[in-house]
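Given next are the chains, with one letter for each unit.
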Amino acid sequence: MSYPVMRVNFSLEEIAENFTLLDSDHRLLSQIRSEAGRLGSAVFLCSLRYLGYLPRRSAIPAKITRFIANQLAVDPGMLRRYRWNGGSADRHLVLIRRYLKLRPPDLADRSRMQELIKSKVGEAWSKRELLEIAVILFREQGLELPRERELIRLIVSARRSYLQEIYATISRRIQGEVLEKMRQCFRAKGEDSSVTMLEWLTSSPGKPGRKALNMEVNKLKTLRGIGLDSQKIFADVPPRIFRAFRNRARGETVAQLRRHPKERQVTLLACLLCSRLTEVSDQVVQLFLDIVRKAHRRGEHATESEVIGSVPKFLNNRKLLKKVVRASSDQPDAAIKPQLIAVLGNEVYQSFLDEQDGPSYELMRTQNIRKRVSVYRATIDTVLEALDFRANNPKYQPLMDGLELVKHYRKSRRSHFAESEAPKAILTGFWRDVLVEEGQINKAHFEVCILGKLEKALKSKEVWVQGTHRFRNPDEDLPADWQENRSLYYERRNLPLDPSTFLTPLRNELESALVDFQSSLTQAEQEVRIQ
């Protein structure tokens, strides 16, 4: 809904819905003697009830006049004889306003309505939304709408007053050392630099890599060093208003920000810095994940290359194995070792023994990833120190304990630590064979294990990072009253409370589709390729 006006393209259904006279309307109009007076008063009545204000005579479409006149059984041309202003029209208008319980707003009403509109600015920020709210508020208060320009001026004034109060409140909360550090953002980053601190803090990280990650970590430390606490400073500021402040500050240059009045400047700058703190935290986590994934990907590729490179050697070993089988069948009662050395030769025999003691595939993979991770060791240590990783699921507590162990030993020169220090849940499966060496935990391999598990946990949101948005606490994604009104939210989305009721049909559908797919593959007349 915008400012209500008389449209020229009303349909017959809309006219019947909005301009049909009620029985009580007919009783009221029967008090007026002349036909012109009854028709004019009826037009007053329907217009005030539909629009909320009295329009100009020329703004009323002829088909609406005809529709109202037909209900009164009078000639629509009688409206031309009715004087729109003064005389009997004023008396009729008083009668109709009393009947509709409407009155024109006076100065006190306008001041009161401005305060009511100001209280709604946090819910609706744009002029269009505030205009719709203002129309509803005027009708609820039994007041006629002022002209559209006057109402817009009232809205602009209410919004300006609301913003001034926000600016004053925020600036009072930022004082002393924090305010001085904020002002330093307008200065040059260095003595020989032409870039201000604020321009550097709002700059893009550039191409992902070690250099970009180090720069973002430095930004993060600088932003934290300012000491702004967004939860306290903007506690009572609606999120929509916060975003509007942030977008405005982001679109202005340093010179434009400096020209603002003090209270507005402090508010916009604080909003920009707080939002950048969250954004930079997100970028640090993302760049950190990119590096971990890159190291794992390159390590896995190197391992695959080694395995593929050993295929010719494996084929050659099969040839040697055939010789051994033939020799053992020719001399079944002979001793094994002398016979193997005689067939293979001492050098080949020794190489076979060495190969049996070689590393497993998982160990080769871990060693290759470790080599790639070591390149970013200093950067990863800085990130682990700067970020606060957390988990709500108790199943991921061993991962958190392992991460703390990595942080504890990251500056230590020791290559191993006691097996009893590592979480038992980590030392399962092939990881136990990879990590444990003579009762000690290989520190470098343990870091590879923890970083790989951390990357997967962040991706699934089982682990989250304090102070970020993309990697925030997943509990914040739920409504505040989720526990109390869980059944209501499920009902609105037509979902069952029991997860098995939802998952079982879906699982059956997927299984049926896979069975049909397998059947079609076996019955296919042509070769099927899956790329």
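Analysis parameters
Residues numbered from 1 in each chain as written. Predicted model: local features only at pLDDT ≥ 70, side-chain atom pairs only at ≥ 80, totals over all residues. Heavy atoms only, no water. Axes fitted to C-alpha atoms, helices over the stretch in contact; angles between N-to-C directions. Helix = DSSP H or I, 4+ residues; strand = E, 2+ residues; numbered from the N terminus. Parallel < 35°, antiparallel > 145°, perpendicular 65-115°, else oblique. Left-handed = near helix turned anticlockwise from the far one by under 90°. Contact = heavy atoms within 4.5 Å. Nonpolar A, V, L, I, M, F, W, Y, C, P; charged D, E, K, R; others polar. Buried < 20%, exposed > 50% of the residue type's maximum accessible area, 1.4 Å probe, protein only. Patch = residues over 30% accessible without salt bridge, like charges linked within 9 Å, V, L, I, M, F, W, Y side chains within 5 Å. Areas by Shrake-Rupley, 256 points an atom, 1.4 Å probe, with all protein chains shown as cover. Salt bridge = Lys/Arg side-chain N within 4 Å of Asp/Glu carboxyl O. Core = buried A, V, L, I, M, F, W, Y, C linked by side-chain atoms within 4.5 Å. Disulfide = S-S within 2.5 Å. Pairing = 2+ DSSP bridges.

**Q** Account for the packing of helix α11 (residues 210-226) against helix α20 (residues 377-386), naming residues and giving values.
**A** Running from N to C, α11 and α20 cross one another at 25 degrees; their axes reach a closest spacing of 10 Å. Taken together, the axes of α11 and α20 are roughly parallel relative to one another. As for the relative orientation of α11 and α20, their crossing is left-handed in sense. Facing α11, whose interface residues are R210, L213, N214, V217, L220, K221 and R224, α20 presents T379, T382, V383 and A386. The residue makeup of the contact of α11 with α20, split by class, is five nonpolar, three polar and three charged.

**Q** So, unusual backbone geometry: which residues are in play, and what are the values?
**A** Phi is positive for A73, which is not a glycine, with a value near 60 degrees. For A73, the location among the structural elements is in the loop between α4 (62-72) and α5 (88-100). According to the relative accessible area criterion, A73 is exposed, its value standing at 67%. Positive phi, close to 65 degrees, is recorded for K461, a residue that is not glycine. Along the chain, the position of K461 falls in the loop between α23 (443-459) and β5 (463-465).

**Q** Kindly report on a nonpolar patch on the surface, identifying the contributing residues and their values.
**A** Residues L495, F502, L503, L506 and L510 make up a contiguous nonpolar surface patch of roughly 440 Å² in combined accessible area. With respect to the secondary-structure elements, F502 resides in helix α25 (residues 499-522).

**Q** Would you mind going over the nonpolar core in detail, with residue names and values included?
**A** Grouped together as the largest cluster of nonpolar side chains are 134 residues, with contacts concentrated most on L151, L273, F288, F389 and F446. Element by element, the count of residues in this core is highest for helix α15 (residues 262-309), at 17 residues. Residues in contact with L273, not counting those within four places in the same chain, are M182, C185, L198, L201, L223, I226 and L228.

**Q** Give a detailed account of the environment of S203, specifying residues and quantitative values.
**A** Note on placement: S203 falls in the loop between α10 (197-201) and α11. When the C-alpha positions of S203 and R276 are compared, they lie 10.0 Å apart, and in sequence the two are 73 residues distant. Ignoring sequence-local partners within four residues, the contact set of S203 consists of K219 and R276.

**Q** Go over the state of the cysteines with me, naming the residues and quoting the values.
**A** Throughout this description, disulfide means a covalent bond between two cysteine sulfur atoms. Using the criterion set out here, one finds zero disulfides in the structure. You can see C274 has no disulfide; the closest cysteine sulfur is in C271, sitting 7.1 Å from it. For C274, a relative accessible area of 6% translates into the label buried.

**Q** I'd like a rundown of the pattern of salt bridges, residues and numbers included.
**A** Using the criterion set out here, one finds 27 salt bridges in the structure. Across the pair R250 and E279 runs a salt bridge whose closest N-O atoms are separated by 2.3 Å. A residue pair is termed long-range when its members are at least 10 positions apart, and R250 in helix α13 (residues 239-250) and E279 in helix α15 qualify at 29 residues. The salt bridge involving E279 is made with R276; its shortest N-O contact spans 3.0 Å. Of this pair, E279 and R276 both sit in helix α15, three residues apart, which is roughly one turn of the helix. Look at the salt bridges and you will find they share partners, linking R103, D109 and R112 into a network.

**Q** Go over the packing of helix α19 (residues 361-375) against α23 with me, naming the residues and quoting the values.
**A** Between α19 and α23, whose axes approach to 9 Å, the crossing angle comes to 90 degrees. The pairing of α19 with α23 is recorded here as roughly perpendicular in orientation. Of α23, the residues touching α19 (which contributes L363, T366, Q367, I369, R370 and V373) are A444, H445, V448 and L451. Each residue belonging to the contact of α19 with α23 can be placed in one class, and the counts come to six nonpolar, three polar and one charged.

**Q** If you had to explain the sheet that holds strand β2 (residues 416-418) to someone new, which residues and values would you point to?
**A** With antiparallel pairing, the three strands of this open sheet are ordered in space as β2-β4-β3. Strand pairing shows two members of the sheet lacking a second neighbour, β2 and β3 (436-437), which therefore form its edges. Where β2 meets strand β4 (residues 440-442), three bridges bridge the pair, whose relative direction is antiparallel. Residue pairing in the sheet places F417 in a bridge with I441 of β4. Relative to the sheet, α23 contacts β2, β3 and β4, its axis offset from that of β4 by approximately 60 degrees.

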